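Each chain, letter by letter, is given below.
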Amino acid sequence: MEDEEMERKVQQYLHRKGFRLTELALQEERNRLSTTSLSDVSLSRPDNDPARYYDGYNKLRSWAYNSLDQYKHELLRVLYPAFIHCFMDLVSEGHTLEARQFFLKFREDHELMHSRDLQKLEGTLSPLHLEEMDLAQSLRENKFRIKLCEYSYELLLQYLQKTQALVMLGIINERIIFEVSAGQPSLISDDADVVALVGTSKDLAKQINQKEVHWGLLEDSVEERMEKALSDSDRAEAESKDADAEDNNKKKSSLGGKQGGPLNKKLKKDKLVGATGKNTKSETSMISAAPRVKPELTLPAAPVEVEQSILEDLRNRAQLNNLALPSVSFYTFLNTHNGLNCSSISNDGSLIVGGFSDSSVKVWDMAKIGQPAKTSSSQGENGSSQDERLSSTSEGKRPYTLFQGHSGPVYSAAFSPFGDFLLSSSSDSTIRLWSTKLNANLVCYKGHNYPVWDVQFSPVGHYFASASHDRTARIWSMDKIQPLRIMAGHLADVDCVQWHVNCNYIATGSSDKTVRLWDVQTGECIRMFIGHRSMVLSLAMSPDGRYMASGDEDGTIMMWDLSTGRCVSPLAGHNSCVWSLAFSCEGALLASGSADCTVKLWDVASSTKALKMDDTKAGSTNRLRLLKALPTKSTPVYNLRFSRRNLLFASGALSL
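Please read these numbers as outputs of a predicted model, since none were measured by experiment. (Residues numbered from 1 in each chain as written. Predicted model: local features only at pLDDT ≥ 70, side-chain atom pairs only at ≥ 80, totals over all residues. Heavy atoms only, no water.)

Bringing the overall build of the protein chain into the picture now. Of regular secondary structure, the protein chain possesses 20 helices and 34 strands. Residue burial in the protein chain is summarised as follows: out of 656 residues, 47% are buried. For the protein chain, contacts bridging at least 24 residues in sequence account for 58% of all contacts bridging at least 6. Surface accessibility of the protein chain: about 32800 Å² in total, with carbon and sulfur atoms responsible for 52%. (Helix = DSSP H or I, 4+ residues; strand = E, 2+ residues; numbered from the N terminus. Buried < 20%, exposed > 50% of the residue type's maximum accessible area, 1.4 Å probe, protein only. Contact = heavy atoms within 4.5 Å. Areas by Shrake-Rupley, 256 points an atom, 1.4 Å probe, with all protein chains shown as cover.)

Here it is as structure tokens:
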């Protein structure tokens, strides 16, 4: 009203002073502006007509599909953000029926790349649903980043200007950020990497990833000391054998003159590089090159018998590479339909545990599988062992040890590094510690408010980490009933957790499609990895501590460089959920297990070697080379583990 009053007074003043031409010009300008504003409103939102979204998107879709093949795949990238926001705008304006028809009409265009998001949005029927859904809020608050070549970008601008597609222009202007590059269009195979949701999360990731990460191995670790002792003993053994050989050669040379000289040198060289010394050096070359860091946690001392066991494993370790693949031992659970939720294997492969929906935890000893159970008569009246008493039932002997204590389905189970303890987590929001020697529950840890999806021991034992539906990860020690640290920051469930090899960091994968790295001492997030298109279900750390692999619900595997925070090798590895990942002991191979009933082996050594050579190129990425796919016919793979001897153990569930 103030503007109208001011215009009226100005017009009265011009009329009173006799400025007739100025008065007419002012009136014409006011009429023209009002007409233009009315026409803009009628073009952009005519009577709140929902058909404008259908027409605008349909025309943009037809134009993109009819473009030149050279640029078509780039222009089609614009359709998904336009489709999503047209649908959500229709829902927010209350046009539920039109939104449903629009969604069903064009859903097929995006089913291949975005099936998970479409399944979540399919049930959106009211503006209230949009406000309550995390995915919808994320789509509204952030923008899509789309990469186009310069010519594709100019074609899109020309189309929007000529057609006056105001609805599409508004959505594209408000919801999309274009990264325009000079030169030729990108490859069709890169489509999965050039459309990403960014916004506050990307800005936060840039800020977080500037922090320093000490990714090396622990100083004076058990394996490092054992490897040194092993190499020293092997060297001493080789030198003693060499001394005996020299004495023999001297005797021979006294008879044969100078012929013993070259023979002696050759024999000495063969002895020094022979036996186990050669294997040890080549196996640990990647690990020995890693920097050493100090521990931030007070680490427990390893018992003498454990060190002896590690030494024995190192002596018998097989070297793996792209030409020497591991032997695989596969354990299958039968008749477990809707019963088995998780499984895990001890470091040496001697024990395997399953967590079940009936709140039970069952442990199998692989050495006893297939052996006939001993009867109590052979032991005498009271001669049965404790294991047999715990396993006995009225129906006979169980082939497993049963642990009962949880009051809800068990979602995760993990052995300690030395196999003497077992952790389990459940929907009852508790974590329980079991003794595999006493076959008893020792502690019940309470701290989470919702179901605990994953729990993992640290590489040295004593400490463990948990991931929960309450969007937090927590660090615990076995001797305290309260958590030591709480890691909060994820926007959805924390689905998996993994320790770094130096125990100074833990990594978490979440349903918010991100992976985060946390400092165990401060509880601070120091890395945020963005790139997955669905919930992250599995994580694995390389033996040298520099790289991390993550697998998601769509079957994608990504390997990250912890020092830079960027993805070094994205790949579509499987056709379904990647439930388990494991690096070989020297880091040359990566094994992945999936719900698509396959175990796949990937060549890590060649990719990381090429990456180090191209460190000067910030944008260089290498895709892991698939070495072998091992199908299991009809058994999804729940868990993978390399033993210290580099044998691969796997477990899966088969429903009969």
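The next thing to look at is the pattern of salt bridges. A pair can form between side chains of opposite charge whenever their charged atoms are brought close. What the rule picks out here adds up to 13 salt bridges. A salt bridge links glutamate 179 to arginine 145; the nearest nitrogen and oxygen atoms lie 3.6 Å apart. Of the two residues, glutamate 179 is situated in strand β2 (residues 176-181) and arginine 145 in strand β1 (residues 143-149); the sequence distance between them amounts to 34 residues. Judged by its relative accessible area of 31%, glutamate 179 falls in the partly exposed class. What makes arginine 145 buried here is its relative accessible area of 14%. Look at the salt bridges and you will find they share partners, linking Arg107, Glu111 and Glu122 into a network. (Salt bridge = Lys/Arg side-chain N within 4 Å of Asp/Glu carboxyl O.)

On to empty space enclosed by the protein, then. Counted under the stated rule, the structure contains one cavity of 30 Å³ or more. Approximately 30 Å³ is the volume attributed to the largest cavity. If you trace the largest cavity, you find it lined by Phe87, Val91, Thr96, Ala99, Arg100, Thr124 and Leu125. Contributing elements (two or more residues each) for the lining of the largest cavity: α5 (79-92) and α6 (96-106). Of the residues in the lining of the largest cavity, the class split is four nonpolar, two polar and one charged. (1 Å grid on protein atoms, 1.4 Å probe; cavity = no way out; pocket = protein on both sides within 12 Å on 5 of 7 lines; lining within 4 Å. Points joined across faces, edges and corners; volume = space filled by probe spheres on them. Nonpolar A, V, L, I, M, F, W, Y, C, P; charged D, E, K, R; others polar.)

On to the UniProt feature "repeat: WD" (unreviewed entry) in the protein chain. Under the present numbering, the feature "repeat: WD" (unreviewed entry) in UniProt falls on residues 333-366, 403-435, 445-486, 487-528, 529-570 and 571-612. Summarising residues 333-366: 0% helix, 59% strand, and an end-to-end C-alpha distance of 13 Å. As annotated, residues 403-435 has a helix share of 0% and a strand share of 61%, and its two end C-alpha atoms lie 10 Å apart. (UniProt positions renumbered as here; feature names shortened; annotations may be inferred.)

Quick look at unusual backbone geometry now. Here the phi dihedral of asparagine 335 falls at roughly 55 degrees; this positive angle occurs in a residue that is not glycine. In this fold, asparagine 335 is placed in the loop between β6 (328-334) and β7 (340-345). Its relative accessible area of 56% is what places asparagine 335 among the exposed residues. Of note in the backbone geometry, arginine 471 takes a positive phi value of approximately 70 degrees without being a glycine. Here arginine 471 falls in the partly exposed class, since its relative accessible area comes to 35%.

So, on to the sheet that holds strand β19 (residues 472-477). Pairing in this open sheet of four strands is antiparallel, and the strands run β17-β18-β19-β20 from one edge to the other. Of all strands in the sheet, those with a lone pairing partner are β17 (452-457) and β20 (485-488), marking the two edges. With strand direction ignored, the average angle separating the axes of adjacent strands in the sheet is 20 degrees. Two strands pair when backbone bridges link them, and strand β18 (residues 463-468) and β19 are joined in this way by five bridges, in the antiparallel orientation. Bridging from a neighbouring strand, phenylalanine 464 pairs with tryptophan 476 of β19. (Pairing = 2+ DSSP bridges. Axes fitted to C-alpha atoms, helices over the stretch in contact; angles between N-to-C directions.)

Together, Met6, Val10 and Leu26 give the surface a local cluster of nonpolar side chains, amounting to about 250 Å² of exposed area. Relative to the elements of secondary structure, methionine 6 occurs in helix α1 (residues 2-17). (Patch = residues over 30% accessible without salt bridge, like charges linked within 9 Å, V, L, I, M, F, W, Y side chains within 5 Å.)

With that settled, the discussion passes to the environment of glutamate 212. Its location among the elements puts glutamate 212 in the loop between α12 (200-208) and β4 (217-218). Sequence spacing of glutamate 212 and arginine 527 is 315 residues, and the spatial spacing of their C-alpha atoms is 9.1 Å.

This part covers the sheet that holds strand β15 (residues 430-435). Reading across from one edge, β13-β14-β15-β16 is the order of the four strands in this open sheet, with antiparallel pairing throughout. Two strands in the sheet have a free side with no partner beyond their single neighbour: β13 (410-415) and β16 (440-446). Each strand of the sheet is rotated relative to its neighbour by a mean of 20 degrees, with strand direction disregarded.

Turning our attention to helix α7 (residues 111-121). Within α7, burial applies to His114, Ser115, Asp117, Leu118 and Leu121. Contact partners of the buried residues in α7: α5, α6 and α9 (134-141).

Our focus in this paragraph is the nonpolar core. Most often, soluble globular proteins keep nonpolar side chains buried together rather than apart. By size, the foremost hydrophobic cluster in this structure holds 41 residues, and its most contacted members are Tyr57, Phe83, Ile84, Phe87, Phe102, Leu121 and Met168. With ten residues, the top contributor of residues to this core is α5. When residues no more than four places from it in sequence are discounted, the contact partners of isoleucine 84 are Leu118, Leu121 and Leu139. Of all hydrophobic cores here, the second largest spans 19 residues; its members include Met541, Met548, Met558 and Cys567. (Core = buried A, V, L, I, M, F, W, Y, C linked by side-chain atoms within 4.5 Å.)

Next up on the list: the side chain of serine 477. Within the fold, serine 477 resides in strand β19. Note on serine 477: relative accessible area 2%, which makes it buried. At 2.7 Å, the side chain of serine 477 and the side chain of aspartate 479 are in polar contact. In this structure serine 477 touches Tyr445, His462, Tyr463, Phe464 and Leu484, once residues within four positions along its chain are discounted. (Polar contact = N/O pair within 3.5 Å; in protein donor to acceptor, adjacent residues only side chain to side chain.)

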